[in-house]
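Per-entry structural report
Now for the letters of each chain:
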Amino acid sequence: MDSTVQLLWLIPALPLLAAAIGALTPRRGRGLTSGAAIGAMTISLGLSVRVLIEALRDPTAHLTLNFAWFDLGDASLRLGFVLDPLTAFMCVMVTFVGLLIFIFSLGYMHEDANFTRFFCFLSLFAAAMLGLLVANSLLLLFICWELVGLASYLLIGFWFHKPAAAAAAKKAFITTRIGDLGLLLGMVWLYHSTGSLLFYDGGHGVLETTALASLVAHTTIGGLAVSTAIGLLIFCGAVGKSGQFPLHVWLPDAMEGPTPVSALIHAATMVAAGVFLVARVYPLMSADQTLANVPIHALTVVAAIGAITALFGALVAVGQNDIKRVLAFSTVSQLGYMMLALGVGAWPAAIFHLLTHAFFKALLFLGAGSVIHAAHHEQDIRKLGGLRGPMRVTFVTFGFGMLALIGFPFLFSGFWSKEAILHAAYGWHVSPLPLYVALFAVVLTAFYMTRLVMETFFGRARSDAANHAHENPATMTVPLAILAVCAVGVGFVGTTYWPWLQRTLDPHFEIEESGLGLMLLSIGLVAFGLALGWTIYGRTPRAKATAPDPLETAAPRTFAALGARLGFDELYAATVGRLNDAAAVFADVLDRYVWDGLVRFLALLGEFSGVVNRDGDEDVLNGGFDATSKKFRGAGQLYSRAQTGEIHGYLRVVAIGFVVLVLLVMLGGSR
Amino acid sequence: MSPALIIIALVTLAAAAVAMTLRNLIHSALLLIGSWAGVAAFYLWAGAQFVAFGQVLVYVGAVSMIVLFAVLLTRRSRADLAVAPDSLGRALGALLVGGAVLGVLFGAILSSPLDVARQPAPTVTVRALGHELMGPHAAALLVAAVILTVALLGAVVIAATDEEKNRPPGRSAPPNDVA
Amino acid sequence: MSFSPLQLCLFFSSALFCIGLVGALSRSNAILVLLGIELMLNAANLNFIAFWRYSPTASPATGVIFVIFSIAVAAAEAAVGLALVIAIYRHQRSIRLQEATRLKG
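All residue numbers refer to positions counted from 1 along the written sequence of the respective chain. By the order in which they are written, chains take letters starting at A while ligands take numbers starting at 1. Local features in this predicted model are restricted to residues of pLDDT 70 or higher, and side-chain atom pairs are both shown and tallied only at a pLDDT of 80 or more, whereas totals for entire chains, interfaces and linings draw on every residue.

The helix and strand inventory of chain A stands at 27 helices and 2 strands. Principal-axis analysis of the C-alpha atoms gives chain A an extent of 110 × 65 × 55 Å. For chain A, the proportion of its 671 residues judged to be buried stands at 50%. We call two residues in contact when their backbone-placed C-beta atoms lie within 7 Å. A separation of at least 24 residues holds for 79% of the contacts in chain A among residues at least 6 apart in sequence. Under the DSSP-based scheme used, a helix requires at least four consecutive residues in state H or I and a strand at least two consecutive residues in state E, with every element numbered from the N terminus. Backbone-placed C-beta atoms define the burial measure: a residue is buried with 20 or more other C-beta atoms within 10 Å of its own, exposed with 12 or fewer, and partly exposed in between.

Below, the structure is given as structure tokens:
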């Protein structure tokens, strides 16, 4: 048992090693770098499976391996690894999906000149994410969290010669940093209150009863329990990383990176980190549930943010024309679902949806990548169309992903995980609103995905690029096929009638009794969305690339607003950007007039004293010295021949002088 | 013998030696960062954690950045990172002088009575360090602070462009070199 | 022949010192010369720590305090030195030290 925990650190270490190899390999070493990356991921996958088997033996235990990172005198900072079903499931998912994305990248990035750099960054990304998963200390988690941010920056900006990509990378990094500041503050506060950052530490960890009790017992500003305040600060980090409203703006722009990166960010690594963080510190987030007379519970905020994000993402996705952006906003929306599930107290349901979503969203992104690769980087769905024939494998697998995402009944994984969340929302006693929002988003999801598939794969090809598209090589289609199988199969580990996964994660997990009504309702809503999408986009396929969207003709202003993402980017530019400019101007004025004036005044003072000094000097003191200095001048001219002005000469003389001196001392000392 | 020390020493020395012989300035700088990290590892090995972190922060973190900036600011074109080869005669002279210094130092070490008994590292807590710095060494601390401030201002003054007055105010000087 | 750990540390630091010295003497690029000098400073710091670690009479913080100040001064030195390099570059479009001889007396 213990030996497995000791193996845990290898899971992130191997991809890290692969990244190091990639960093040191010259550009020609394509085989070596990609081989190292894929090999490391394969071994990590094997280890993860082994770890999962071990974790399933006793799902309630948190096996830990803690060690002192460094001592500073009497205090020591401790890090550690933890093994529980949450870690194990996530590790298997990340390594598996990551491996398939790596293999897909072999084909997708084949023509890129910086192939080795790409695989180096990919490995770093995977390593950071895996490190985040196995961390048993908020500090270690934070370190890996920042590494994930760094790797995403590098990968989104991989084609940095495109200004849009460079800007998107910067945006992603800075936007998530805003949330990270909250996380950092929460971490510091937590350390201040409990004296530890370990999650589980044999009764002394911050997620164990002693620490939680003391955190709940104290209150802080506004009558909040300390645990609520810390929980909300930590949640800020999750909001940034998981693209939740109002920090969602970076996620769609992250599409500027290569498509495998989008798949990795949206499915396995980056955005999953936020949801995972909240699930990991769930005991802390939910600690204040026992308190009755507090202004707000941490989880209520989480549920509200999640519901807003789910609705917002689904709405905006309807108005997008770029195949990757539609998928990006669907990710935003699905992440909102997960946060909603966390907020209503069903964290196993959130993790279940995270796992199924990882598979089908990776599938969808890689499918989109396959389309883009075949259509010579044409991403506008208005200019695609008719790809059903030439790209049969991509079409079928993409269809599987789409059906899983909209929650097509019974067969597909998305259905079961979405059901789990809907049931949890149904059982939430605080407010029924999240349930209504989630149900509405179900319709929207079915609608926009139908639109996407109809526009891309049906009708006639509407551009030369789409006309000449043909199926991609096996390195790209085989991962698609594997993911398609998973998009179906993974759902059966956590169905409403047999929630094995949820029970494993949390033995106290209860399915809310709602009879068949809720399930029938959601099936009906999916069917409605599908039918609506087919009526508008499927029955009469788009004829020309320039023809307006049917929705656009019906409600031009609404459609334009959705297309412009409801103006949030502009809003931020007008408020935050302006504020920043104003602060810069203020600082400039302060610098130029206030501080500069002060400096000038001091300088005047100095000059004045200098004048006084000089008068005293020249008349009183100098006379005698002038005579003496004439003599020195003669000697100085003699010495100045040695001054070549060349530093090396001086240094050499100093060194030789040193040797001579030491020799003198040593010989003299022996006498 | 202490294998950890020998490994640290070899890695550090190798990195430093290669850095001093490479022709690509960027590579040199990167290798030197590795060498500084090796010195930090030595401090950790010797039990001086605080100094090790200071070394990492100042050298691996800060000085390395200044060096990289200096390298990038003083190249003329993209291909200009390689340094022109230095004269062989001077290199030989340098090796001769360096060898002499090395010989003298080794001789001094070998001939000195240095057989100190193996003992545990002295422990020094951050609290104790703080007391030392603010107590007996407060004057030195203040002087160091003044030196750092003066150096900062001096560096700005030296590196600032002279033609500041001819430019519209509020803008930073454009890079004086088209890379 | 076996050396005491202190001797090993001293060998280490003198070797590092000499690498820095040879680098500073042989290269003509100002940045590399400066880096060589930084290496020599580091070697000196190594000695402080080595003697602090093995000396029987050291007070518990002396060597550490020394190195802290030394690092602070070295940081100042690096900043000023590299600023000088940039100034030299601006004046003569080159940082070869052989060409920077105008300050001689």
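The helix and strand inventory of chain B stands at 6 helices and 0 strands. Taken from N to C terminus, the helices and strands of chain B fall in the order α-α-α-α-α-α. Expressed as a percentage of the 179 residues in chain B, the buried residues total 27%. Restricting the contact set of chain B to residue pairs at least 6 apart, pairs at least 24 apart contribute 52%.

Before going further, it helps to examine the interface of chain C and chain B. Counting residues at the interface gives 61 residues for chain C, matched by 69 residues for chain B. Three classes are used: nonpolar for Ala, Val, Leu, Ile, Met, Phe, Trp, Tyr, Cys and Pro, charged for Asp, Glu, Lys and Arg, and polar for all others, with Gly counted as polar. Of the residues assigned to the side of chain C that touches chain B, the class counts are 46 nonpolar, 11 polar and 4 charged.

A separate point is the environment of A:T219. Residues and elements named next belong to chain A. Inspection of the secondary structure puts T219 in the loop between α8 (209-217) and α9 (226-241). Accessibility expressed as a C-beta count within 10 Å gives 15 for T219, which makes it partly exposed. Each C-alpha atom of the pair T219 and A229 lies 9.1 Å from the other, and the pair is 10 residues apart in sequence.

Next up on the list: the packing of helix α12 (residues 270-280) of chain A against helix α15 (residues 323-343) of chain A. All names here are of chain A. Relative to each other, α12 and α15 sit at 5 degrees, their axes nearing to 10 Å. As judged from the angle between their axes, α12 and α15 are roughly parallel. Touching V271, V275, V278 and A279 of α12 are T331, L335, M338, M339 and L342, all from α15. The angle between two axes is taken between their N-to-C directions and runs from 0 to 180 degrees, where each axis is a line fitted to C-alpha atoms and a helix contributes only its stretch in contact. By definition in this entry, angles of less than 35 degrees are roughly parallel, angles greater than 145 are roughly antiparallel, angles of 65 to 115 are roughly perpendicular, and the rest are oblique.

What follows deals with the environment of A:L32. For A:L32, the position within the fold is in helix α3 (residues 30-57). Distance in space between the C-alpha atoms of A:L32 and A:I21 is 8.3 Å, their sequence separation being 11 residues.

Here we come to helix α18 (residues 413-426) of chain A. One fewer than the residue count of a helix, multiplied by 1.5 Å, yields its expected span. Given a rise of 1.5 Å per residue, 14 residues ought to cover 20 Å, and the 20 Å separating the end C-alpha atoms of α18(A) matches this to within 8%. Burial of α18(A) is extensive: 13 of the 14 residues sit out of reach of the surface.

The next thing to look at is the packing of helix α2 (residues 30-54) of chain C against helix α3 (residues 62-92) of chain C. Across the interface, α2(C) lies against α3(C) with an axial gap of 10 Å and an inter-helix angle of 175 degrees. Regarding the angle of α2(C) to α3(C), the classification is roughly antiparallel.

So, on to α2(C). Taking 1.5 Å of rise per residue, 25 residues should cover 36 Å, and α2(C) covers 37 Å from first to last C-alpha, within 8% of that figure. Where burial is concerned, most of α2(C) is hidden: 19 out of the 25 residues are buried.

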